[in-house]
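Read off the chains here:
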Amino acid sequence: MIEQLLMLEGQKPNIEIEKIRQSLEATVIVGQDISGEFVTGIYASDLMSDVLAYGQSGAMLLTGLNNVQAAISAFMAEFKGIIFIRSKIPDNDVRNFAIEKGMIILSTDDDMYEACVKIAKIDDQSPISREVSEPAHKTHNVTTYTFNIDGKDFASAGLVSTQVKTILKSIGYDPQLIRRVAISTYEAEMNVVMHARKGNLTLTASDKEIAVVVNDEGKGIEDIEKAMVEGYSTATEEQRAMGFGAGMGLPNIKKNSDKLFIESVVNKGTIIETIFYVK
């Protein structure tokens, strides 16, 4: 299914959201005025690490995972919004997050396969006209921020990464650089929430580089080399049911960062340091 939707993205780069809504007979939950709004494609998945690893910026997420983590993942991946399948209606946490971040939320009665087939038949595409301008990079001094992360607090998981992304946007870094930092930071934050008792994240931003260090107290990583392999996961069934544990966490961090350093001691904790060069 993922491969099919990635191919759809390549074939239909500019899909009008209103045409998607009509095709799926979907209800608009957030973003009542969607006329003239376009997406670069549709990405269908219930695994949020896959969304972060393979999703295309400007796309829309099609998912049956109805929780705030789906919204945060879509935001980190620079998606325009979410289409919830099987008549799922998001709760107030998801709605409020979407409103705050300017995301569009739809809900359809179709299942994932039916929705994909209908969207693939949309053939009247319109080009998007955009004015591209250079980002106003305003950083001149080194700026440091520190955040605390609580283990097993899935209700707040992703909020630190959201703050990091907001800070980097306010500074004026390139959007693609911000996306890479946000995805990497989100994966590192989720590692703390899923596998540690507590931790902290330190963000250091300058003209030359952005550094993110996540230090946790927890069970540690027994085999770092094995943990770096795509698909390897020690997540519980409960964590998998929430859309995590696809074994893409550390690989996603490596993929998006310019430098990655990991230190871990079993039954003590893990330090993950990522460096992103400002070009």
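Located above this text is the structure these notes cover.
The rules we used
Residues numbered from 1 in each chain as written. Predicted model: local features only at pLDDT ≥ 70, side-chain atom pairs only at ≥ 80, totals over all residues. Heavy atoms only, no water. Core = buried A, V, L, I, M, F, W, Y, C linked by side-chain atoms within 4.5 Å. Buried < 20%, exposed > 50% of the residue type's maximum accessible area, 1.4 Å probe, protein only. Helix = DSSP H or I, 4+ residues; strand = E, 2+ residues; numbered from the N terminus. Contact = heavy atoms within 4.5 Å. Salt bridge = Lys/Arg side-chain N within 4 Å of Asp/Glu carboxyl O. Pairing = 2+ DSSP bridges. Axes fitted to C-alpha atoms, helices over the stretch in contact; angles between N-to-C directions. Phe/Tyr/Trp six-rings, centres within 6.5 Å; stacked < 30°, edge-to-face > 60°. Lys NZ or Arg CZ within 6 Å of the ring centre and 35° of its normal. Polar contact = N/O pair within 3.5 Å; in protein donor to acceptor, adjacent residues only side chain to side chain. Parallel < 35°, antiparallel > 145°, perpendicular 65-115°, else oblique. Left-handed = near helix turned anticlockwise from the far one by under 90°. Nonpolar A, V, L, I, M, F, W, Y, C, P; charged D, E, K, R; others polar. Arc of directions from axis to C-beta.

Engineer: A description of the nonpolar core should follow, citing residues and the corresponding values.
Structural biologist: The tendency in soluble globular proteins is for nonpolar side chains to be buried side by side. Ranked by internal contacts, the top residues of the largest apolar core, which has 62 residues, are Leu168, Tyr173, Leu201 and Ile210. Considering every element that reaches this core, the biggest residue donor is helix α8 (residues 175–195), with 11 residues. When residues no more than four places from it in sequence are discounted, the contact partners of Ile210 are Leu168, Tyr173, Leu177, Val181, Leu203, Thr204, Thr274, Ile275, Phe276 and Val278.

Engineer: How would you summarise the pattern of salt bridges if you had to cite specific residues and measurements?
Structural biologist: Close approach of charged atoms allows side chains of opposite charge to pair. Taken as a whole and assessed by the stated rule, the structure comprises 7 salt bridges. Across the salt bridge formed by Arg21 and Glu18, the nearest N and O atoms sit 2.8 Å from each other. Here Glu18 and Arg21 lie together in helix α2 (residues 17–24), a separation of 3 residues that amounts to about one turn. Taking relative accessible area as the criterion, Arg21 reaches 23% and is therefore assigned partly exposed. On the accessibility criterion, Glu18 (19% relative accessible area) is buried. Two residues, Glu78 and Lys165, come together in a salt bridge whose shortest N-O distance is 3.0 Å. Of the two residues, Glu78 sits in the loop between α4 (68–76) and β6 (81–84) while Lys165 sits in helix α7 (residues 159–171), which places them 87 residues apart along the sequence. Judged by its relative accessible area of 22%, Glu78 is partly exposed.

Engineer: Can you lay out the sheet that holds strand β11 (residues 259–265) for me, pointing to particular residues and giving the numbers?
Structural biologist: Strand order across the open sheet formed by 5 strands is β8-β9-β10-β12-β11, with antiparallel pairing between neighbours. The strands lining the two open edges of the sheet, one partner per strand, are β8 (143–150) and β11. The sheet shows a mean angle of 10° between the axes of neighbouring strands, taken without regard to direction. Of the strand pairs in this sheet, strand β9 (residues 196–205) and strand β10 (residues 209–218) are connected by 9 bridges, and their pairing is antiparallel. In the sheet register, Ala205 faces β10, and the bridge partner there is Ile210.

Engineer: Could you give an account of the packing of aromatic side chains, naming the residues involved and the relevant values?
Structural biologist: By the definition in use, this model includes 1 aromatic pair. Aromatic pair Phe75 and Phe97: ring centres 5.7 Å apart, planes at 90°, arrangement edge-to-face. Here the residue Phe75 occupies a position in helix α4, and Phe97 occupies one in helix α5 (residues 92–101), the gap between them amounting to 22 residues. The residue whose ring lies beneath Lys165 is Phe75, and the NZ or CZ to ring-centre distance is 3.8 Å.

Engineer: Give me the lowdown on the environment of Thr108, citing residues and values where you can.
Structural biologist: Residue placement: Thr108 occurs in the loop between β7 (104–107) and α6 (112–120). For Thr108, a relative accessible area of 1% translates into the label buried. On a C-alpha basis, the gap between Thr108 and Val28 in space is 9.2 Å, while along the polypeptide they are 80 residues apart. Polar side-chain contacts of Thr108 include one of 3.2 Å to the backbone nitrogen of Asp110.

Engineer: Describe the packing of α4 against α7, naming the residues involved and giving the relevant values.
Structural biologist: As a packed pair, α4 and α7 sit with axes 10 Å apart at the nearest point and diverge in direction by 25°. The orientation of α4 with respect to α7, classified from their angle, is roughly parallel. Where α4 crosses over α7, the two elements pack in a sense that is left-handed. Contacts between α4 and α7 involve Ile72, Phe75 and Met76 from the first element and Leu159, Ser161, Thr162, Lys165 and Lys169 from the second. Its residues placed into classes, the contact of α4 with α7 shows 4 nonpolar, 2 polar and 2 charged.

Engineer: Break down α6 for me, with residues and values.
Structural biologist: Regarding α6, the residues found buried are Met112, Ala115, Cys116 and Ile119. All buried residues of α6 lie within an arc of 100° about the axis, which places them on one face of the element.

Engineer: An account of the pairing of β11 is requested, with residue identities and associated values reported.
Structural biologist: Sheet topology note: the β11/strand β12 (residues 269–277) ladder contains 7 bridges and is antiparallel. Following the sheet pairing, Phe261 is matched in β12 by Glu273. The antiparallel hairpin formed by β11 and β12 contains 3 residues in its connecting segment, where Asn267 sits at a positive phi of about 65°.

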